[in-house]
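The chain contents come next:
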Amino acid sequence: MSKTRIGVIGCGMISDTYFNAAKRFGNIEIAACADIDMEVAKKKAEAHENLFPAKTVDELLADPSIELVINLTVPKAHAEVDMQILRAGKHAYSEKPLGVDLDQAREVMKLAAEKNLRIGCAPDTFLGGGQQTARKLIDDGWIGKPIAGTAMVLGRGPEKWAHAPFFFDYGAGPMLDLGPYYITALINLLGPAKSVTAMTTKGSETRVGGPDTVPHVYPINVTTHLTGVIEFQCGALITVITSFEVYKHGHAPIEIYGSEGTLQVPDPNTFGGPVRIFRNDYQDWVECPLSHGYTTNSRSIGAADIINALKSGRPHRASGELAFHALEIMLAFDKSSQLGAKVMLESTCKQPAPLPLGLEDGELDD
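So, here is what we can say about the structure in this document. (Residues numbered from 1 in each chain as written. Predicted model: local features only at pLDDT ≥ 70, side-chain atom pairs only at ≥ 80, totals over all residues. Heavy atoms only, no water.)

## Regarding the nonpolar core
And step 1. The biggest cluster of nonpolar side chains holds 101 residues, and the ones touching the most others in it are Ile256 and Leu263.
And step 2. Residue contributions to this core peak at ten residues, all from helix H8 (residues 173–190).
And step 3. Counting residues in each nonpolar core, the second largest holds six residues, with Ala164, Phe168, Ile220 and Phe244 among its members. (Core = buried A, V, L, I, M, F, W, Y, C linked by side-chain atoms within 4.5 Å. Buried < 20%, exposed > 50% of the residue type's maximum accessible area, 1.4 Å probe, protein only. Helix = DSSP H or I, 4+ residues; strand = E, 2+ residues; numbered from the N terminus.)

Dropping the structure here:
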(Lines give C-alpha, C1' and ligand atoms only; values in the text may rest on other atoms or scores of the structure.)
Protein backbone atom coordinates (compact mmCIF):
# COMPACT_ATOMS: atom_id res chain seq x y z
CA MET A 1 0.00 0.00 0.00
CA SER A 2 1.36 3.41 -0.95
CA LYS A 3 1.72 5.80 1.94
CA THR A 4 0.71 9.46 2.13
CA ARG A 5 3.10 11.70 4.04
CA ILE A 6 1.41 13.77 6.72
CA GLY A 7 2.60 16.41 9.16
CA VAL A 8 1.48 17.19 12.69
CA ILE A 9 1.29 20.73 14.07
CA GLY A 10 0.95 20.87 17.85
CA CYS A 11 3.03 18.58 20.09
CA GLY A 12 1.03 18.73 23.31
CA MET A 13 -0.60 16.01 25.42
CA ILE A 14 -2.78 14.44 22.74
CA SER A 15 -0.04 14.21 20.12
CA ASP A 16 1.46 10.98 21.49
CA THR A 17 -1.87 9.26 21.03
CA TYR A 18 -1.95 10.32 17.39
CA PHE A 19 1.66 9.36 16.71
CA ASN A 20 1.17 5.91 18.23
CA ALA A 21 -2.21 5.18 16.63
CA ALA A 22 -1.00 6.32 13.20
CA LYS A 23 1.33 3.31 13.09
CA ARG A 24 -1.73 1.07 12.66
CA PHE A 25 -2.61 2.52 9.27
CA GLY A 26 -0.54 1.46 6.31
CA ASN A 27 -1.72 4.38 4.17
CA ILE A 28 -0.13 7.16 6.23
CA GLU A 29 3.40 8.08 7.25
CA ILE A 30 4.24 10.77 9.79
CA ALA A 31 6.71 12.96 7.90
CA ALA A 32 7.35 15.73 10.43
CA CYS A 33 6.08 17.40 13.58
CA ALA A 34 6.01 21.08 14.46
CA ASP A 35 5.04 23.31 17.35
CA ILE A 36 5.02 27.02 18.08
CA ASP A 37 7.82 26.12 20.53
CA MET A 38 10.60 24.45 18.54
CA GLU A 39 12.07 22.83 21.66
CA VAL A 40 8.76 21.09 22.34
CA ALA A 41 8.74 19.73 18.78
CA LYS A 42 12.32 18.48 19.11
CA LYS A 43 11.55 16.70 22.39
CA LYS A 44 8.49 15.07 20.82
CA ALA A 45 10.52 13.80 17.86
CA GLU A 46 13.16 12.45 20.24
CA ALA A 47 10.47 10.74 22.34
CA HIS A 48 9.45 8.86 19.20
CA GLU A 49 13.02 7.80 18.40
CA ASN A 50 13.38 10.47 15.73
CA LEU A 51 11.26 8.46 13.30
CA PHE A 52 10.28 11.87 11.93
CA PRO A 53 12.04 15.25 12.13
CA ALA A 54 10.99 18.30 14.11
CA LYS A 55 10.41 21.37 11.96
CA THR A 56 9.14 24.88 12.37
CA VAL A 57 5.52 25.38 11.36
CA ASP A 58 6.62 27.31 8.26
CA GLU A 59 9.08 24.58 7.28
CA LEU A 60 6.45 21.87 7.64
CA LEU A 61 3.91 23.80 5.58
CA ALA A 62 6.51 24.46 2.89
CA ASP A 63 7.40 20.77 2.52
CA PRO A 64 5.95 19.72 -0.86
CA SER A 65 5.99 16.02 0.07
CA ILE A 66 3.43 16.53 2.85
CA GLU A 67 -0.15 16.24 1.57
CA LEU A 68 -2.19 16.39 4.77
CA VAL A 69 -1.58 18.10 8.11
CA ILE A 70 -3.10 17.11 11.45
CA ASN A 71 -3.82 20.19 13.55
CA LEU A 72 -3.41 19.49 17.29
CA THR A 73 -3.16 23.08 18.48
CA VAL A 74 -5.37 24.60 21.23
CA PRO A 75 -9.05 25.13 20.29
CA LYS A 76 -8.77 28.90 19.91
CA ALA A 77 -6.10 28.35 17.24
CA HIS A 78 -7.81 25.53 15.32
CA ALA A 79 -9.43 27.70 12.65
CA GLU A 80 -6.40 29.95 12.15
CA VAL A 81 -4.01 27.00 11.76
CA ASP A 82 -6.47 25.17 9.47
CA MET A 83 -6.48 28.24 7.24
CA GLN A 84 -2.66 28.23 7.14
CA ILE A 85 -2.66 24.57 6.18
CA LEU A 86 -5.22 25.09 3.42
CA ARG A 87 -3.40 28.16 2.06
CA ALA A 88 -0.29 25.98 1.82
CA GLY A 89 -2.25 23.71 -0.51
CA LYS A 90 -2.59 20.81 1.92
CA HIS A 91 -5.59 18.91 3.26
CA ALA A 92 -6.33 19.58 6.95
CA TYR A 93 -7.54 17.40 9.79
CA SER A 94 -8.17 19.27 13.04
CA GLU A 95 -8.67 18.27 16.62
CA LYS A 96 -12.12 19.19 17.93
CA PRO A 97 -13.85 21.59 17.79
CA LEU A 98 -13.61 22.95 14.23
CA GLY A 99 -13.66 26.46 15.69
CA VAL A 100 -14.86 28.30 18.77
CA ASP A 101 -17.46 30.27 16.86
CA LEU A 102 -19.40 29.71 13.64
CA ASP A 103 -17.90 32.64 11.73
CA GLN A 104 -14.34 31.32 11.90
CA ALA A 105 -15.46 27.75 11.20
CA ARG A 106 -17.43 29.00 8.20
CA GLU A 107 -14.29 30.69 6.84
CA VAL A 108 -12.39 27.41 7.10
CA MET A 109 -15.12 25.59 5.18
CA LYS A 110 -15.23 28.32 2.52
CA LEU A 111 -11.48 28.25 1.96
CA ALA A 112 -11.39 24.45 1.72
CA ALA A 113 -14.10 24.59 -0.96
CA GLU A 114 -12.27 27.32 -2.88
CA LYS A 115 -9.00 25.34 -2.77
CA ASN A 116 -10.74 22.02 -3.55
CA LEU A 117 -9.09 20.55 -0.46
CA ARG A 118 -10.43 18.19 2.18
CA ILE A 119 -11.12 19.40 5.71
CA GLY A 120 -11.67 16.86 8.45
CA CYS A 121 -12.15 17.15 12.18
CA ALA A 122 -12.15 15.08 15.33
CA PRO A 123 -13.66 13.37 17.10
CA ASP A 124 -13.23 10.18 15.09
CA THR A 125 -14.22 7.98 18.03
CA PHE A 126 -17.56 7.32 16.31
CA LEU A 127 -15.58 5.08 13.96
CA GLY A 128 -14.68 2.81 16.87
CA GLY A 129 -16.19 -0.63 17.38
CA GLY A 130 -18.55 0.47 20.15
CA GLN A 131 -20.19 3.30 18.24
CA GLN A 132 -20.24 1.39 14.94
CA THR A 133 -21.96 -1.55 16.65
CA ALA A 134 -24.61 0.78 18.09
CA ARG A 135 -25.08 2.35 14.65
CA LYS A 136 -25.58 -1.07 13.05
CA LEU A 137 -28.16 -2.09 15.65
CA ILE A 138 -30.17 1.06 14.94
CA ASP A 139 -29.78 0.73 11.16
CA ASP A 140 -30.87 -2.91 11.32
CA GLY A 141 -34.01 -2.02 13.27
CA TRP A 142 -33.25 -3.73 16.58
CA ILE A 143 -34.96 -0.99 18.60
CA GLY A 144 -37.44 0.02 15.91
CA LYS A 145 -37.87 3.70 15.18
CA PRO A 146 -35.74 5.97 17.43
CA ILE A 147 -38.15 8.21 19.33
CA ALA A 148 -36.13 9.77 22.14
CA GLY A 149 -32.98 9.40 24.19
CA THR A 150 -30.47 10.90 26.59
CA ALA A 151 -26.83 11.95 26.36
CA MET A 152 -25.11 12.77 29.65
CA VAL A 153 -21.67 14.36 30.14
CA LEU A 154 -21.54 14.83 33.90
CA GLY A 155 -18.63 15.55 36.24
CA ARG A 156 -16.64 18.28 37.93
CA GLY A 157 -14.31 18.79 35.00
CA PRO A 158 -10.52 18.91 35.38
CA GLU A 159 -10.77 21.63 38.05
CA LYS A 160 -7.61 20.54 39.88
CA TRP A 161 -5.38 20.07 36.84
CA ALA A 162 -2.40 22.38 36.44
CA HIS A 163 -3.97 23.86 33.29
CA ALA A 164 -7.54 23.77 34.64
CA PRO A 165 -8.22 27.44 33.71
CA PHE A 166 -8.00 26.43 30.04
CA PHE A 167 -10.97 24.07 30.43
CA PHE A 168 -13.12 26.73 32.08
CA ASP A 169 -12.37 29.42 29.51
CA TYR A 170 -13.93 30.51 26.22
CA GLY A 171 -13.60 27.76 23.63
CA ALA A 172 -13.85 24.95 26.18
CA GLY A 173 -16.23 24.27 29.06
CA PRO A 174 -18.17 21.01 29.20
CA MET A 175 -19.91 21.61 25.87
CA LEU A 176 -17.01 22.47 23.56
CA ASP A 177 -14.49 20.25 25.38
CA LEU A 178 -16.51 17.04 25.83
CA GLY A 179 -19.69 17.79 23.90
CA PRO A 180 -18.12 17.11 20.49
CA TYR A 181 -17.85 13.38 21.31
CA TYR A 182 -21.50 13.11 22.27
CA ILE A 183 -23.00 15.36 19.60
CA THR A 184 -20.95 13.72 16.85
CA ALA A 185 -21.95 10.27 18.13
CA LEU A 186 -25.62 11.27 18.02
CA ILE A 187 -25.31 12.51 14.44
CA ASN A 188 -23.63 9.24 13.51
CA LEU A 189 -26.49 7.28 15.11
CA LEU A 190 -29.46 9.41 14.06
CA GLY A 191 -28.40 11.77 11.26
CA PRO A 192 -28.48 15.58 11.26
CA ALA A 193 -30.42 17.71 13.73
CA LYS A 194 -33.17 20.28 13.23
CA SER A 195 -33.38 22.43 16.36
CA VAL A 196 -32.13 22.99 19.93
CA THR A 197 -34.11 24.19 22.96
CA ALA A 198 -31.95 24.72 26.03
CA MET A 199 -31.14 26.50 29.28
CA THR A 200 -27.62 27.02 30.60
CA THR A 201 -25.94 28.35 33.73
CA LYS A 202 -22.77 28.21 35.82
CA GLY A 203 -22.51 27.34 39.48
CA SER A 204 -19.90 29.91 40.46
CA GLU A 205 -17.78 32.72 39.08
CA THR A 206 -14.47 31.19 40.21
CA ARG A 207 -12.88 27.90 41.23
CA VAL A 208 -9.77 27.07 43.23
CA GLY A 209 -6.92 25.04 41.75
CA GLY A 210 -5.07 22.40 43.77
CA PRO A 211 -4.08 20.26 45.58
CA ASP A 212 -1.98 18.92 42.68
CA THR A 213 -1.07 22.46 41.71
CA VAL A 214 -0.22 25.58 43.65
CA PRO A 215 -3.60 26.72 45.04
CA HIS A 216 -4.95 29.61 43.02
CA VAL A 217 -8.30 31.10 42.14
CA TYR A 218 -9.24 31.14 38.47
CA PRO A 219 -12.31 32.61 36.72
CA ILE A 220 -15.12 30.62 35.13
CA ASN A 221 -15.67 32.24 31.74
CA VAL A 222 -18.17 29.76 30.26
CA THR A 223 -21.45 28.18 31.26
CA THR A 224 -20.72 24.98 33.15
CA HIS A 225 -24.15 23.31 33.19
CA LEU A 226 -26.03 23.11 29.88
CA THR A 227 -29.26 21.17 29.47
CA GLY A 228 -31.62 20.97 26.54
CA VAL A 229 -33.33 18.95 23.85
CA ILE A 230 -31.97 18.35 20.35
CA GLU A 231 -34.65 17.67 17.77
CA PHE A 232 -33.27 15.48 15.00
CA GLN A 233 -34.53 15.47 11.43
CA CYS A 234 -35.52 11.82 11.86
CA GLY A 235 -37.94 12.94 14.59
CA ALA A 236 -36.00 11.74 17.65
CA LEU A 237 -35.84 14.07 20.66
CA ILE A 238 -32.60 13.68 22.63
CA THR A 239 -32.21 15.24 26.08
CA VAL A 240 -28.61 16.39 26.53
CA ILE A 241 -26.81 17.56 29.67
CA THR A 242 -23.16 18.62 29.68
CA SER A 243 -21.94 19.70 33.09
CA PHE A 244 -18.89 20.48 35.19
CA GLU A 245 -21.17 20.83 38.24
CA VAL A 246 -21.78 17.17 39.15
CA TYR A 247 -19.88 15.26 41.83
CA LYS A 248 -21.44 11.84 41.12
CA HIS A 249 -24.17 10.38 38.91
CA GLY A 250 -25.58 7.07 37.68
CA HIS A 251 -26.51 7.81 34.07
CA ALA A 252 -25.40 5.85 31.02
CA PRO A 253 -23.44 8.03 28.55
CA ILE A 254 -26.06 7.66 25.80
CA GLU A 255 -29.37 5.83 25.64
CA ILE A 256 -31.64 5.69 22.58
CA TYR A 257 -35.31 4.83 23.15
CA GLY A 258 -37.03 3.22 20.19
CA SER A 259 -40.46 1.86 19.36
CA GLU A 260 -39.22 -1.72 19.93
CA GLY A 261 -36.55 -1.34 22.60
CA THR A 262 -33.75 0.63 24.22
CA LEU A 263 -30.08 0.85 23.28
CA GLN A 264 -27.28 1.76 25.71
CA VAL A 265 -24.37 3.29 23.82
CA PRO A 266 -20.85 3.35 25.32
CA ASP A 267 -18.87 6.44 26.24
CA PRO A 268 -18.21 8.19 22.90
CA ASN A 269 -14.86 9.43 24.20
CA THR A 270 -13.68 5.83 23.82
CA PHE A 271 -13.51 3.41 20.89
CA GLY A 272 -14.85 0.26 22.54
CA GLY A 273 -17.95 -0.99 24.35
CA PRO A 274 -20.02 -2.14 26.06
CA VAL A 275 -23.18 -1.93 23.93
CA ARG A 276 -26.36 -3.14 25.62
CA ILE A 277 -29.86 -3.64 24.24
CA PHE A 278 -33.27 -4.28 25.77
CA ARG A 279 -36.24 -5.29 23.64
CA ASN A 280 -39.85 -5.62 24.69
CA ASP A 281 -39.57 -9.43 24.98
CA TYR A 282 -36.30 -9.47 26.95
CA GLN A 283 -36.02 -10.04 30.71
CA ASP A 284 -32.99 -7.76 31.16
CA TRP A 285 -30.25 -5.95 29.28
CA VAL A 286 -28.28 -8.05 26.81
CA GLU A 287 -24.69 -7.07 26.04
CA CYS A 288 -24.06 -7.26 22.31
CA PRO A 289 -20.87 -8.61 20.77
CA LEU A 290 -19.11 -5.82 18.93
CA SER A 291 -19.63 -6.05 15.18
CA HIS A 292 -16.64 -3.87 14.26
CA GLY A 293 -12.97 -3.53 15.15
CA TYR A 294 -11.03 -0.46 16.28
CA THR A 295 -12.03 -0.99 19.89
CA THR A 296 -8.80 0.46 21.33
CA ASN A 297 -7.58 4.04 21.03
CA SER A 298 -7.41 4.67 17.29
CA ARG A 299 -7.15 8.46 17.12
CA SER A 300 -5.87 9.37 13.65
CA ILE A 301 -8.35 6.96 12.03
CA GLY A 302 -10.20 10.05 10.78
CA ALA A 303 -7.09 11.28 8.98
CA ALA A 304 -6.41 7.82 7.55
CA ASP A 305 -9.99 7.76 6.27
CA ILE A 306 -9.43 11.06 4.43
CA ILE A 307 -6.45 9.53 2.62
CA ASN A 308 -8.51 6.53 1.48
CA ALA A 309 -11.34 8.85 0.47
CA LEU A 310 -8.99 10.98 -1.63
CA LYS A 311 -7.82 7.90 -3.53
CA SER A 312 -11.32 6.53 -4.19
CA GLY A 313 -13.19 9.82 -4.53
CA ARG A 314 -15.73 8.95 -1.84
CA PRO A 315 -16.71 11.35 1.00
CA HIS A 316 -14.65 11.03 4.15
CA ARG A 317 -16.47 10.29 7.37
CA ALA A 318 -15.06 12.70 9.99
CA SER A 319 -15.81 15.59 7.66
CA GLY A 320 -15.76 19.35 8.05
CA GLU A 321 -19.48 19.42 7.30
CA LEU A 322 -20.13 17.02 10.18
CA ALA A 323 -17.92 19.06 12.54
CA PHE A 324 -19.55 22.35 11.49
CA HIS A 325 -23.04 20.95 12.11
CA ALA A 326 -21.94 19.60 15.50
CA LEU A 327 -20.45 23.01 16.37
CA GLU A 328 -23.67 24.83 15.48
CA ILE A 329 -25.65 22.38 17.64
CA MET A 330 -23.31 22.91 20.60
CA LEU A 331 -23.30 26.70 20.35
CA ALA A 332 -27.09 26.68 20.02
CA PHE A 333 -27.43 25.64 23.69
CA ASP A 334 -26.18 28.98 25.02
CA LYS A 335 -27.93 30.81 22.19
CA SER A 336 -31.27 29.20 23.02
CA SER A 337 -30.82 29.98 26.72
CA GLN A 338 -30.01 33.61 26.02
CA LEU A 339 -32.98 34.01 23.67
CA GLY A 340 -35.37 31.98 25.82
CA ALA A 341 -36.53 30.24 22.66
CA LYS A 342 -36.01 27.28 20.36
CA VAL A 343 -33.13 27.76 17.89
CA MET A 344 -33.65 26.42 14.39
CA LEU A 345 -30.37 25.14 12.96
CA GLU A 346 -29.16 26.55 9.64
CA SER A 347 -26.59 23.89 8.82
CA THR A 348 -26.97 20.23 8.06
CA CYS A 349 -24.74 17.35 6.97
CA LYS A 350 -24.96 13.85 5.64
CA GLN A 351 -24.97 11.05 8.17
CA PRO A 352 -21.48 9.50 7.95
CA ALA A 353 -21.33 6.20 6.11
CA PRO A 354 -20.84 3.24 8.48
CA LEU A 355 -17.62 1.29 8.30
CA PRO A 356 -17.89 -2.02 6.43
CA LEU A 357 -17.97 -5.26 8.38
CA GLY A 358 -14.99 -7.58 8.47
CA LEU A 359 -12.18 -5.04 8.17
CA GLU A 360 -8.71 -6.04 9.25
CA ASP A 361 -6.91 -3.68 11.61
CA GLY A 362 -5.55 -0.79 9.54
CA GLU A 363 -8.24 -1.14 6.83
CA LEU A 364 -11.06 1.33 6.24
CA ASP A 365 -12.57 0.05 3.00
CA ASP A 366 -13.57 -3.36 1.67
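On we go from here.
## Focus on helix H10 (residues 320–339)
And step 1. Spanning 20 residues, H10 covers 27 Å between terminal C-alpha atoms, matching the ideal 28 Å at 1.5 Å per step.
And step 2. Its axis deflected by about 35 degrees at Ala332, H10 carries its strongest bend there. (Expected span 1.5 Å × (residues − 1). Bend = angle between axes of the 7 residues up to and from the residue.)

## Re the pattern of salt bridges
And step 1. Summed over all chains, the structure comprises 20 salt bridges.
And step 2. Close ionic contact of Lys42 with Glu39 constitutes a salt bridge, the shortest N to O distance being 3.8 Å. One end of the pair is Lys42 and the other is Glu39, both in helix H2 (residues 38–47) and three residues apart, which spans about a single turn.
And step 3. A salt bridge links Arg106 to Asp103, with the nearest nitrogen and oxygen atoms 3.1 Å apart. Of this pair, Arg106 and Asp103 both sit in helix H5 (residues 102–115), three residues apart, which is roughly one turn of that helix.
And step 4. Residue Arg106 is classed as partly exposed on the basis of its relative accessible area of 37%.
And step 5. The exposure class assigned to Asp103 is exposed, which follows from its relative accessible area of 57%.
And step 6. Taken together, the salt bridges that share partners define one network made up of Arg156, Glu159, Arg207 and Glu245. (Salt bridge = Lys/Arg side-chain N within 4 Å of Asp/Glu carboxyl O.)

## Let's talk about the sheet that holds strand E17 (residues 343–344)
And step 1. Taking strand neighbours across the sheet as the criterion, the nine strands line up as E16-E15-E14-E13-E7-E12-E11-E8-E17 in an open arrangement whose pairing is mixed. Lying at the two open borders of the sheet, with one neighbouring strand each, are strand E16 (286–287) and E17.
And step 2. Here helix H6 (residues 129–139) sits on the sheet in contact with strand E7 (146–154), strand E13 (254–258) and strand E14 (261–265), set at roughly 165 degrees to E14. (Pairing = 2+ DSSP bridges. Contact = heavy atoms within 4.5 Å. Axes fitted to C-alpha atoms, helices over the stretch in contact; angles between N-to-C directions.)

## Notes on the pairing of strand E15 (residues 276–279)
And step 1. Two elements, E14 and E15, share four bridges in a ladder whose sense is antiparallel. Within E15, the residue paired with Gly261 across the bridge is Arg279.
And step 2. Two strands pair when backbone bridges link them, and E15 and E16 are joined in this way by two bridges, in the antiparallel orientation. Each residue of the ladder has a partner; that of Ile277, found in E16, is Val286.

## Topic: the packing of aromatic side chains
And step 1. In this structure the tally under the stated criterion is eight aromatic pairs.
And step 2. Residues Trp161 and Phe167 carry aromatic rings whose centres are separated by 5.5 Å and whose planes lie at 90 degrees to one another, so their mutual orientation is edge-to-face.
And step 3. A relative accessible area of 8% means that Phe167 is categorised as buried.
And step 4. Look at Phe168 and Phe244: their rings are 5.1 Å apart centre to centre, the planes differ by 55 degrees, and that puts the pair in the tilted class. Of this pair, Phe168 sits in the loop between helix H7 (164–167) and H8 while Phe244 sits in the loop between strand E12 (237–243) and E13, and the two are 76 residues apart along the sequence.
And step 5. A residue is classified by how much of its surface remains accessible, and Phe244, at 1% relative accessible area, is buried.
And step 6. Within the aromatic cluster, the residues linked to one another by ring pairs are Trp161, Phe166 and Phe167.
And step 7. Above the face of the Tyr247 ring, Arg156 is positioned so that its terminal group lies 4.3 Å from the ring centre. (Phe/Tyr/Trp six-rings, centres within 6.5 Å; stacked < 30°, edge-to-face > 60°. Lys NZ or Arg CZ within 6 Å of the ring centre and 35° of its normal.)

## Some remarks on the sheet that holds strand E6 (residues 119–121)
And step 1. Spatially, six strands are ordered E3-E2-E1-E4-E5-E6 in an open sheet, and the strand pairing comes out parallel. Strands at the two margins of the open sheet, each flanked by one partner only, are strand E3 (54–55) and E6.
And step 2. Both strand E5 (residues 91–94) and E6 contribute to a ladder of three bridges, which runs parallel. Within E6, the residue paired with Ser94 across the bridge is Cys121.

## Section: the pairing of strand E2 (residues 28–34)
And step 1. Here E2 lies mainly inside the structure; six of its seven residues are buried.
And step 2. The sheet contact formed by strand E1 (residues 4–9) and E2 spans six bridges and is parallel. Bridging across to E2, Thr4 finds its partner in Ile28.
And step 3. For the handedness criterion, the β-α-β arrangement of E1, helix H1 (residues 15–22) and E2 is classed as right-handed.
And step 4. Alignment of E2 against E3, held across two bridges, turns out to be parallel. Paired with Ala34 across the bridge in E3 is Lys55.
And step 5. This β-α-β element, E2 to H2 to E3, shows right-handed connectivity. (Right-handed = clockwise from strand over helix to strand, strands pointing away.)

## Things to note about the packing of H6 against H8
And step 1. Contact geometry for H6 and H8: axes closest at 9 Å, N-to-C directions at 35 degrees. Every pair of crossing elements has a handedness; the one defined by H6 and H8 is right-handed. Facing H6, whose interface residues are Gln131, Gln132, Ala134, Arg135 and Ile138, H8 presents Ala185, Asn188 and Leu189.
And step 2. Class assignment for the residues of the contact of H6 with H8 results in four nonpolar, three polar and one charged. (Left-handed = near helix turned anticlockwise from the far one by under 90°. Nonpolar A, V, L, I, M, F, W, Y, C, P; charged D, E, K, R; others polar.)

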